[in-house]
Every structure is written in C-alpha cells, then in structure tokens.
Amino acid sequence: MTAVRTRAATTTAVREDPGDAAQSFRDAMAQLTAPVSVVTALDPDGRWRGFTASSVSSVSLEPPLVLVGIALTSSCHATLTTSAEFVVNVLGARHQDVARRFAARDVDRFAGGGFAPWEGSGTPYLPDAALLMRCRTARIVRAGDHDLVLATPVEFRHGTTDSAPLLWYRRGFHTARPHGA
C-alpha cells in the first residue's frame, strides 16, 4: 500500500470588513489558473485598442458564445462595450512581453509591433497567437464592477500547436508542461 501525503487545508473566512473581504476574494481567485489573452478592438475613431484579459471563457455551444469580462475602470471599457466586434488573441508562452505591455497603463500598447489588421474588418490581431477568435458582440451584462461582454465567435484561426499556453496563476505568468515532462 502506498502512503498518500496530504496537506491540511487553510480556511479563511470572509470578514465583515469590506476591505478584508475583497482581499480574501482576490487571494482565493489567485488560486484559479486562467489562460491569458489580449482582447483587441477598434474605437469609434478607428484607433486600435486592447487589454490583457484572464477572464475569457466559453459560455454556450448552442448558440456559440464566449464571455469577456472587463472592469468598468479599464481604459478600454468604452471601446469594448460599444464595438460591434473584437478579437480574442489567446497567447502562448512566448508572449509574456505582449501580455505585460497590454496590462500596462499609459503606454502605447501597440508600439511593440506584431499586430496586423484583420482582413475585411481592420480589427487588430496578433498573427502568431495560439488561437484567434473574431467575435461579434451579442449582449453586455453588468456584474458588480465589471461588464461581461457576451459574443458570438464568427471566425477562428489556430496557431501552431507546439507552443505552450501562457497561463495566469497566483498573480504570475506560468506555462503548462505535458504530463511526465
């Protein structure tokens, strides 16, 4: 019989103090692993806009729907919530610099290059992303201090499969390795 090592779980109660509760929630959510994406769109003047997102997920198969969460305070909030379409650029491990640049404030996020206009729409996309989803906005739902943008994917482009995914876990970037590697 093989002995199994277990680690005692730590319990943190959500406190009455809203500041403590918010920190407890942030600490708990840091335990969830999420793929890292850059979401891009055109603002009303045709300028490229984008931000790093770890809150992108599938919602429905019929009809196909994805969800992108964006903070009400984000510099890209107005663009994403008024744009008819956007692109989800799912990043690979080699894109950490892109993820950091698109998470920074008060910088030209596209100055580092690498992006191109999607044929027929002009929406910026990263050609070497692991996965590209061009999406049409279907509905926006207010959820606390974020808006949830529900969208229909209308076109997919798949990158190379030899790139490890870029993941966000415990407030840092990580990559997945095949089991046994």
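Residues numbered from 1 in each chain as written. Predicted model: local features only at pLDDT ≥ 70, side-chain atom pairs only at ≥ 80, totals over all residues. Heavy atoms only, no water.

Enquirer: Got a sec to walk through the overall build of the protein? Specific residues and values, please.
Expert: Tallying secondary structure elements over the protein gives 3 helices and 12 strands in all. In the protein, 62% of the contacts between residues at least 6 apart in sequence involve partners at least 24 apart. Within the structure as shown, the protein displays about 11,100 Å² of accessible surface, and the carbon and sulfur contribution to it stands at 55%. (Helix = DSSP H or I, 4+ residues; strand = E, 2+ residues; numbered from the N terminus. Contact = heavy atoms within 4.5 Å. Areas by Shrake-Rupley, 256 points an atom, 1.4 Å probe, with all protein chains shown as cover.)

Enquirer: If you had to explain the sheet that holds strand 3 (residues 48-53) to someone new, which residues and values would you point to?
Expert: Reading across from one edge, 3-2-6-9-10-5-4 is the order of the 7 strands in this open sheet, with antiparallel pairing throughout. Strands with a single pairing partner mark the edges of an open sheet, and in this sheet they are strand 3 and strand 4 (56-61). Adjacent strand axes in the sheet meet at a mean angle of 35°, parallel and antiparallel pairs treated alike. The strands that helix 3 (residues 96-103) touches are strand 2 (37-42) and strand 3; relative to strand 3, the one it contacts most, it runs at about 110°. (Pairing = 2+ DSSP bridges. Axes fitted to C-alpha atoms, helices over the stretch in contact; angles between N-to-C directions.)

Enquirer: Can you lay out the pattern of salt bridges for me, pointing to particular residues and giving the numbers?
Expert: A full pass over the atoms with the stated rule returns 8 salt bridges. Of the charged contacts, one joins R94 and D128 as a salt bridge, the two residues approaching to 3.5 Å between their closest N and O atoms. Of this pair, R94 sits in the loop between strand 6 (85-90) and helix 3 while D128 is found in the loop between strand 8 (124-125) and strand 9 (131-143), placing the two residues 34 residues apart along the sequence. The class for R94 is partly exposed, based on a relative accessible area of 41%. Residue E119 is joined to R157 by a salt bridge in which the shortest nitrogen-to-oxygen separation is 2.7 Å. Taken as a pair, E119 in the loop between strand 7 (116-117) and strand 8 and R157 in strand 10 (residues 146-158) lie far apart in primary sequence, 38 residues in all. Using a relative accessible area of 24% as the deciding quantity, one classes R157 as partly exposed. Counted as one network, the salt bridges with shared partners bring together E85, E119, R134, E155 and R157. (Salt bridge = Lys/Arg side-chain N within 4 Å of Asp/Glu carboxyl O. Buried < 20%, exposed > 50% of the residue type's maximum accessible area, 1.4 Å probe, protein only.)

Enquirer: How would you explain the pairing of strand 4 if you had to name every residue and give the values?
Expert: Of the pairings in the sheet, the one linking strand 4 to strand 5 (residues 64-71) comprises 5 bridges and is antiparallel in character. Its bridge partner lying in strand 5, S60 is registered against L65. The antiparallel pairing of strand 4 with strand 5 creates a hairpin that spans 2 residues between the two strands.

Enquirer: Which residues make up unusual backbone geometry, and what values do they have?
Expert: The omega angle of the peptide bond from E62 to P63 is 0°, so this bond is cis rather than trans. The topology assignment puts P63 in the loop between strand 4 and strand 5. Its identity as a non-glycine residue notwithstanding, D106 has a phi of 55°, on the positive side. Turning to its location among the elements, D106 is positioned in the loop between helix 3 and strand 7.

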